[in-house]
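What follows is each chain in one-letter form.
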Amino acid sequence: MLQTAYGSLFHALQLKNGGSLLVRGGTTSVGLAAAAIARSHGITVVSTTRNAKREALLRKSGADVVIIDDGKVAEEVKKQTGGGVDKVLELIGTTTLLDSLQCTRAHGMVCMTGMVGDSWSLPDFSPMDAIPTGVGLTSYDGGPTAFMSTPLQELVGQIEAGTLHVSSGKTFKLDEIVEAHRMMEENKAGGKIVVLT
C-alpha cells in the first residue's frame, strides 16, 4: 500500500509540496496511506467515503475535508475547495472516473490507480467530452521499476518516528481467510489487512 500510494502521488501525479489532493476511495488501505503521505508533504487532503461513520478514520489519516461519496461529488468538491483540487487519486476506478475528472482545477491531473468499483472499462468513452480542457489523465500500475524507486525505508522510519500515521487493519491467521475476505469486501478493515501463514 505504501509503494502504490507513494508511486501514484509522486510518479504519476507529480505531487509537489503544497496544493490540494482528492483521494477518491479514501477508506481503502492505499487511500489511507496516500492521505497520510500527502499530508506529511503539506498537501490539503480531501477524502471520500460512502460511510459517514468513517470520517474519524479519514481525518486521523490526514484528510482535512471528508465528503460522503454517492458517485457524484464534483460539485461538492468544488464547493468545499473553492473551485476544485489540483490532483485526484482515483482508487474506485471507472465507475467514478468521469466525475473525478470534473473535480480538478484547470491544469489539474487525475491518476487512476485503483479498481474497487467492480468495473474495468468505460463504455463509449469519448475523451473530448470526458476530459476537461487542460486537465491531465494518467495511471499508475506499480511495476518492478517503480517499486525499486520507492523510498520504503524512509517511509517506515517516518511511521516508526510517529511523523507518518498509516492505519493498519486487522491481522488474521491463514485459517481465518474467509473472515479476512469478508472484512475486505464489506470495507470494514480501516487499513491494510494482513494474513499470517
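Description of the structure in this document. Because the structure is predicted, anything quoted here is derived from the model rather than measured. (Residues numbered from 1 in each chain as written. Predicted model: local features only at pLDDT ≥ 70, side-chain atom pairs only at ≥ 80, totals over all residues. Heavy atoms only, no water.)

In terms of residue burial, helix 5 (residues 94-101) counts as a mostly covered element, since 6 of its 8 residues are buried. Every buried residue of helix 5 is accounted for by Thr94, Thr96, Leu97, Asp99, Ser100 and Leu101. Buried residues along helix 5 sit in contact with strand 1 (20-24), helix 4 (74-81), strand 4 (85-90), strand 5 (104-112), helix 6 (127-130) and strand 6 (136-139). (Buried < 20%, exposed > 50% of the residue type's maximum accessible area, 1.4 Å probe, protein only. Helix = DSSP H or I, 4+ residues; strand = E, 2+ residues; numbered from the N terminus. Contact = heavy atoms within 4.5 Å.)

As a further point, take the layout of surface pockets. Space left empty within the atom packing is revealed by a probe, the size of a water molecule, rolled over the atoms. Approximately 740 Å³ is the volume attributed to the largest pocket. Around the largest pocket, the lining comprises 30 residues; the ones closest to its centre are Thr28, Ser29, Val116, Met184 and Asn187. Those elements giving two or more residues to the lining of the largest pocket turn out to be helix 2 (29-40), strand 2 (44-49), helix 9 (177-185) and strand 8 (192-196). With 5 residues, helix 9 is the largest single contributor of residues to the lining of the largest pocket. For the lining of the largest pocket, a count of residues per class yields 11 nonpolar, 15 polar and 4 charged. (1 Å grid on protein atoms, 1.4 Å probe; cavity = no way out; pocket = protein on both sides within 12 Å on 5 of 7 lines; lining within 4 Å. Points joined across faces, edges and corners; volume = space filled by probe spheres on them. Nonpolar A, V, L, I, M, F, W, Y, C, P; charged D, E, K, R; others polar.)

Two numbers describe a pair of packed helices, the interaxial angle and the distance between the axes. The geometry of helix 1 (residues 2-12) relative to helix 8 (residues 152-161) is characterised by a closest axis approach of 11 Å and an angle of 110° between their N-to-C directions. The orientation of helix 1 with respect to helix 8, classified from their angle, is roughly perpendicular. Of helix 8, the residues touching helix 1 (which contributes Leu2, Gln3 and Tyr6) are Leu152, Leu155 and Ile159. Grouping the constituent residues of the contact of helix 1 with helix 8 by class yields 5 nonpolar, 1 polar and no charged. (Axes fitted to C-alpha atoms, helices over the stretch in contact; angles between N-to-C directions. Parallel < 35°, antiparallel > 145°, perpendicular 65-115°, else oblique.)

Here we come to the environment of Asn187. Residue placement: Asn187 occurs in the loop between helix 9 and strand 8. The exposure class assigned to Asn187 is partly exposed, which follows from its relative accessible area of 26%. The spacing of Asn187 and Thr28 is 159 residues in sequence and 7.6 Å in space, taken between C-alpha atoms. Once you skip the residues sitting within four places of it in the chain, Asn187 turns out to touch Thr27, Arg50 and Arg54.

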